Amino acid sequence: MGSGVSRKLKPDYTVHVRTGDRKGAGTDADVFIAFYNERGERSRDISLNCLWKDDFERGDVDCYPVSRLASFGPVERIELWRGESDDDWFVDMVEVEHEVTRKRFVFPVHRWVRADSRLNLKKYDTSLPQDDDQQEQRKRELERKRELYQLESKQEGLIPQVKDFPVDESFSNDYKWDIVKNKASLMLQAKIITLTTDAWQTLDDISELYRGKLPKPYGLENWRSDKEFGYQRLTGCNPTQIRLCTEIPEKFPVTDDMLAPLLEGMTIAEALEKKRLFILDYEILKDLPCTDGRSICAPMCLFFVNKDRNLMPVAIQLSQEPGEDSPVFLPTDQEYLWLMAKMWFNNADASFHQSATHLGYTHLVIESVAVATHRCLSASHPIFRLLAPHFLYLIAINTRALAKLVSEGGWVDRCMGIGRIGMFEIIKRTWARWSLDREGSLLADLEHRGVADPEVLPNYHYRDDALLVRKALHDYVSSIVKHYYTSDEKVKSDYEIQEWGRIMAPCSEGSPGHCGVKGLPNDGKFETVTDLIEVVTNFIFISSVGHAAANFSQYDEYGFPPNYPSFLFGRPPSDKMDRDEKDILSQLPSKDMTVSVMLVTQLLSDRGTNGLGDFEVQYIYDPFGKKVVKKFRSDLKKIGAIIDERNATREAKYPYLHPKEVPNAISI
C-alpha cells in the first residue's frame, strides 16, 4: 500500500527526494521505493505520490510519509524505480528519516532513473568496484555513459574533447551564459553605444571608456612602468612561464656593456651565478601561422631581480634570430621605442596565455579528463565523487566558448592577432610537450623552472598563494583516498581506476579514443595510493586554482590594450629609431576592437561557481567524508586569512587565489 493511503496513519519514516537541477530532470511518471534494513529484509513497494501538487519537478525536494513500518529499523539500502512515461528522471539524493529517532539515512543518487531498470543503492553509495555487490548495475551504467561521453580530437594534434555534447552537461540557467547577449547588455550599462572615428587620437582617449560602469583595469595606471611589467610575470594572468636563467642563449646577444646601467654593478656572469637573472623565451611562437596571414613575434625577455627585490626587464629581443633588423631593446632606449618593444612582447605573452595557459592547459585538459572520468568511473566511485564538483558546467562552457568565441570569424579571429588558426597551432605545439608530472604539477613545475625558492624570486605571489591552497587540496584528497584504498593492492585491483588511467594515457598505435595525457604514473597503470593522490590532486588544482590564476585577472590585464594587447597592427620594430605616441596608437586595436576586448574579458573575469569547497552539488555524504570536507573548508578559511594578511602589505595585491575567489570548476 502506498504512502497516499497511509497519510492518515502516524508515519514511521519520511522520504525526502531531491530532483536534480538540470534540463529534463523532472518526471510525471509513477515513482516507487523499497527499503532494506540491517537484517536484509525488504519492505513492501512504496508509492511516492503527492495528490495535491505536481511533484518531481526540476530542482525540487518532495517529502512523503511512510507508515506501517514501525519495527523495520535502520534503512541500509533502497531500491528506486519508476513507471513507464515519455520522460526520464534525474535524482540528486534520497533521504529516509526515521520519525522516532530522527536519524537520517542518506542515499546520494546523481543518476537518471530510467523506466527500464531499478536502482539499488547502499547508504552513502560510495564504494570501490571490487567491493560493490551491484556489479551488474555499475557495468550497465558505465555502458550507457560510454555512449554519451566519447573522446574526439576536433583537429589533429588538439587535445581531445567530448565528441557530441551530452544534454546532462547543459547549464541549469542558460540565459546567464549567453556571452553575446551579456556583452550587449554590458555595453549598454557602460554607456558604450556609439564611437565616432575608429582610430584612437591620443592614449588619454582610451581612458574615456571607463567613465561608465566598467571599472578601471589595473593596467590603465601602470602600463608604462617597468616594475609593473615585471609584476605581470608574477601576478598577471600568465604567471607560470617565468624561469631562472642559468645561461644566456647564444641567440640573445646581450653584453655587459648593454646591461651595465641595469645590473647594479654586476657583470652578466655574476648575476647568473647569484641567480638574479630570469628569462622568458617564446621560441615556440616562431613562424606561427595566423588568421588572415597576420604575424606575431617570437620574442625573448631577460629580467633582473634588483636590490629592492623587484623583477625588472633589462633586455627584449623580438625574434629568435639576432641581427641588424632584430636589435636588443633596452630600458635605456628612447621611451616610446621601449614601450613599443614591451607591447610586442606582451602581445606574444597574451597569445600564449589565451591559447595554452588558459584554454589548453585548463579548459581542454580538464574536459578530456572529465570525459574519461564519466566513461570509466561509476557515480558510486569515491574518486568520481571527489572529482565531480570540479567538472560542473565545464563541458558546457567549452562548447559555448568554442562556438561563440573561437569560431571562424568569431571574437578570437577579430580581436586576437593570432586568430583561431594561431590559437589552435599554439595548443598543438604546447600539447605535444605538456606533461602532467611537469607543467601539470605545481610543485614539479616550480622546481623545473627554478622559481620555487622565495629568496631567489621574491614577490611571486602566484607561487606563494598557490602553494597554500595546493597543500590543503592535497590533504583533502589524501584523506579521502587513503580511507578507501587501505593498501596499494586495492589500487591495483580497482579495475575502474585502471581503465581510467588507460583511457587518459596516450593511445597505442591503432587505439584511438584516449585523452593523450603524458606524465601519468607508469603510463596510466596506477600501482600505489601515493600515485593516485598526486594525480587527483593535480586535476583538482588545475580545475580550480590553475584556472583562477589564468582567468580572473584578464580584465585587469587586457582591459587597457597598451598594457597587454591581444592584437597589434603592423609589425614589430626592427630598428632603434625614436618612436612617439602616434606610433604606439597606430598599432593599437581600433575602438571597436578595444570595446569588444574590454567587454569580453570583463565577462570572462566573472565567477561562474561558488568558492572552493563550497560545492554547488554535494557528492560526499558518508560521516568520514563529511569530516574531511569540514576540515578542508576550515583549512581554506585559514588560508584566506593568511592571504588577506599578505595582501595588506603587498605592493601588488593578488586576490585571485583567495579561496573565496577560486571557483570549484571551470565554468566561465
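For the structure itself, consult the block above.
Quick notes on the rules
All chains use their own residue numbering, which begins from 1 and follows the written sequence. Local features in this predicted model are restricted to residues whose pLDDT is 70 or higher, and side-chain atom pairs enter the listing and the counts only when it is 80 or higher, whereas totals over whole chains, interfaces and linings include all residues. Note that water and hydrogens are dropped before the side-chain values are worked out from all heavy atoms of the structure. Strands here are runs of E lasting at least two residues and helices are runs of H or I lasting at least four, both read from the DSSP assignment and numbered beginning at the N terminus. For a compact globule the rule gives 2.2 Å times the number of residues to the power 0.38, and the radius of gyration it is set against comes from C-alpha atoms. The classification of residues rests on relative accessible area computed with a 1.4 Å probe and restricted to protein chains. Under 20% of the type maximum is buried, over 50% is exposed, and intermediate values are partly exposed. Working rule for contacts: check all heavy atoms of both residues, and any pair within 4.5 Å makes them a contact. Here the Shrake-Rupley method, with its probe set to 1.4 Å, supplies the accessible areas, and only the displayed protein chains count as covering residues. Charge counting treats Lys and Arg as positive and Asp and Glu as negative, with His and both chain ends excluded. Positions of charges follow a simple convention, taking NZ of Lys, CZ of Arg, CG of Asp or CD of Glu. An expected span of 1.5 Å times one less than the residue number is assigned to each helix. DSSP bridges decide pairing: two strands pair if at least two such bridges lie between them. To define axes, lines are fitted to C-alpha atoms, for helices over the stretch in contact only, and angles between the resulting N-to-C directions are given on a 0 to 180 degree scale. Orientation is classified from the angle alone, with under 35 degrees giving roughly parallel, over 145 giving roughly antiparallel, 65 to 115 giving roughly perpendicular, and any other angle giving oblique. Crossings are classed by handedness, with left-handed meaning an anticlockwise turn of the near helix from the far one by less than a right angle and right-handed meaning a clockwise turn. Residue polarity follows a fixed list, in which Ala, Val, Leu, Ile, Met, Phe, Trp, Tyr, Cys and Pro are nonpolar, Asp, Glu, Lys and Arg are charged, and the others, Gly among them, are polar.

Draft legend 1. Summary view of the overall build of the protein chain. Along the backbone of the protein chain there are 21 helices and 15 strands. Relative to the 2.2 N^0.38 estimate, which gives 26 Å for 668 residues, the radius of gyration of the protein chain is 28 Å and therefore close to what a compact globule would have. Over its C-alpha atoms, taken along the principal directions, the protein chain stretches across nearly 90 × 55 × 55 Å. Out of the 668 residues belonging to the protein chain, those deemed buried represent 59%. Restricting the contact set of the protein chain to residue pairs at least 6 apart, pairs at least 24 apart contribute 75%. A total accessible area of about 27,200 Å² is found for the protein chain, and carbon and sulfur atoms account for 49% of it. Here the protein chain holds 87 positive side-chain charges and 103 negative ones, and the gap between their average locations is 5 Å.

Draft legend 2. Molecular detail of helix α12 (residues 419–431). With 13 residues, α12 extends 18 Å from end C-alpha to end C-alpha; this agrees with the ideal 18 Å at 1.5 Å per step. Within the span of α12, buried status applies to Gly419, Gly422, Met423, Phe424, Ile426, Ile427, Thr430 and Trp431.

Draft legend 3. View of the sheet that holds strand β1 (residues 13–19). Spatially, β4-β1-β6-β7 is the arrangement adopted by the 4 strands of the open sheet, whose pairing is antiparallel. Both edges of this open sheet fall to β4 (61–66) and β7 (104–113), since each of them pairs with a single strand only. Strand-to-strand, the axes of this sheet are offset by a mean angle of 20°, without reference to chain direction. By the bridge criterion, 6 bridges tie β1 to β4 in an arrangement that is antiparallel. Residue pairing for β4: Val17 is matched across the bridge by Asp62.

Draft legend 4. The arrangement of the sheet that holds strand β14 (residues 311–317) in detail. Within the open sheet, the 5 strands sit side by side as β11-β12-β13-β14-β15. Their pairing is antiparallel. One side of each edge strand has no neighbouring strand; the edge strands of this open sheet are β11 (243–244) and β15 (328–329).

Draft legend 5. Quick peek at the pairing of β7. A large share of β7 lies buried, amounting to 9 of its 10 residues. Judged from the 8 bridges that link them, strand β6 (residues 89–98) and β7 form a sheet pairing that is antiparallel. Note on β7: the bridge partner recorded for Val91 is Arg111. Between the end of β6 and the start of β7, which pair antiparallel, lie 5 residues, with Arg102 showing a positive phi angle near 65°.

Draft legend 6. Region of interest: the environment of Ser355. Tracing the backbone through its elements, the reader meets Ser355 in helix α8 (residues 335–376). By relative accessible area, which is 0% here, Ser355 ends up buried. As a C-alpha pair, Ser355 and Arg420 span 65 residues in sequence and 9.1 Å in three-dimensional space. Setting aside residues no more than four positions away along its own chain, Ser355 makes contact with Gly360, Ile418, Met423, Ile426 and Ile427.

Draft legend 7. Expanded view of the packing of helix α14 (residues 461–484) against helix α17 (residues 529–551). At a minimum axis separation of 9 Å, α14 and α17 run at an interaxial angle of 140°. The orientation of α14 with respect to α17, classified from their angle, is oblique. The handedness of the crossing between α14 and α17 is right-handed. In this structure, α14 uses Tyr462, Ala466, Val469, Arg470, Leu473, His474, Val477, Ser478, Val481 and Lys482 to contact α17, whose residues at the interface are Val529, Leu532, Ile533, Glu534, Val536, Thr537, Asn538, Ile540, Phe541, Ser544, Val545 and Ala549. A class-by-class count of the residues in the contact of α14 with α17 yields 14 nonpolar, 5 polar and 3 charged.

Draft legend 8. Representation of the environment of Ser667 within the structure. Locating Ser667 in the fold gives a position in the segment after α21 (623–649). Each C-alpha atom, one on Ser667 and one on Ile418, is 25 Å from the other, the two residues being 249 residues apart in sequence.

None of this, on its own, says anything about what the molecule does.
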